[in-house]
Amino acid sequence: MKLNTRIFGEIDIEDEKIITMPFGLVGFPDLQKFALIHDKDKPIGSVWYLQSMDDPVIALPVIDPLCVKPNFNPQINEADVELLEPLTNKNLLMLVTISVPEDITNMTANLNAPILINVDTGKGAQIEIVWGKEEYVTKYPIYDYLKGKK
């Protein structure tokens, strides 16, 4: 599928690389098709983009939460992941969205609503974690981590 995006220009995404999120994302419930855009030469822990295939203007920066919070281990309701079955540690990709304000030193990651993707099936869902851990906030500071990744 070809798409003329705001950030990446024209891209061509193979159909099998499209991630389907039937419930959309927080703030974007109508967007259900996405592609993960990243530089294959950059290591895990770099910022990637979740590019909407439904709206070429929307590309959300995302990152592996374990890179910015190594002990990230959220409690997830089983019902929230049924759509992604069969989900295992080997086929699970977990990402969190990044918010980049005008002052980039205040950049944050949303640890309260990770995006889970079954890389085998191409299905994904953004879920809200079960409360109980105060450190899983919607505005977790990550600037210092990213500054060190140069």
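As a starting point, this report considers the structure included with it. (Residues numbered from 1 in each chain as written. Predicted model: local features only at pLDDT ≥ 70, side-chain atom pairs only at ≥ 80, totals over all residues. Heavy atoms only, no water.)

1. Re the environment of G148
Move 1: One can find G148 in helix α3 (residues 143-148).
Move 2: With 82 residues separating them along the chain, G148 and L66 place their C-alpha atoms 15 Å apart. (Helix = DSSP H or I, 4+ residues; strand = E, 2+ residues; numbered from the N terminus.)

2. Considerations on the pairing of strand β6 (residues 59-63)
Move 1: Taking burial as the measure, the five residues of β6 include five buried ones, the bulk of the element.
Move 2: With burial as the criterion, each face of β6 is covered, one bearing A59, P61 and I63 and the other bearing L60 and V62.
Move 3: Both strand β5 (residues 48-52) and β6 contribute to a ladder of four bridges, which runs antiparallel. Residue W48 lies in a different strand from β6, and its bridge partner there is V62. (Buried < 20%, exposed > 50% of the residue type's maximum accessible area, 1.4 Å probe, protein only. Pairing = 2+ DSSP bridges.)

3. Some points on the pattern of salt bridges
Move 1: Considering all chains together, one arrives at one salt bridge under this definition.
Move 2: Between K2 and E10 there is a salt bridge whose closest N-O contact spans 3.7 Å. Neither K2 nor E10 differs from the other in exposure class; each is exposed. (Salt bridge = Lys/Arg side-chain N within 4 Å of Asp/Glu carboxyl O.)

4. Things to note about the side chain of T108
Move 1: Its place among the elements puts T108 in strand β8 (residues 108-109).
Move 2: Given the relative accessible area of 10%, T108 is considered buried.
Move 3: Non-local contacts of T108, meaning those with residues more than four positions away in its chain, are made with T97, I98, S99, T138, K139, Y140, P141 and I142. (Contact = heavy atoms within 4.5 Å.)

5. Topic: a negative patch on the surface
Move 1: A surface patch of like charges, here negative, comprises D12, E14, D15 and E16.
Move 2: Note on placement: E14 falls in the loop between β2 (9-12) and β3 (19-20).
Move 3: With a relative accessible area of 47%, E14 lands in the partly exposed category. (Patch = residues over 30% accessible without salt bridge, like charges linked within 9 Å, V, L, I, M, F, W, Y side chains within 5 Å. Areas by Shrake-Rupley, 256 points an atom, 1.4 Å probe, with all protein chains shown as cover. Lys, Arg positive; Asp, Glu negative; His and termini not counted. Charge placed at Lys NZ, Arg CZ, Asp CG, Glu CD.)

6. Some details on the nonpolar core
Move 1: In this structure, I63, L111, L116 and I142 are the most contacted members of the largest nonpolar core, which totals 18 residues.
Move 2: With three residues, strand β7 (residues 92-99) is the largest single contributor of residues to this core.
Move 3: The residues touching I142, leaving out its near neighbours within four places in the chain, are V68, I98, M107, T108 and A109.
Move 4: Ranked by size, the runner-up nonpolar core spans 14 residues in total, among them L25, W48, I58 and L95. (Core = buried A, V, L, I, M, F, W, Y, C linked by side-chain atoms within 4.5 Å.)

Take it as geometry only, folks, not as evidence of what the structure does.
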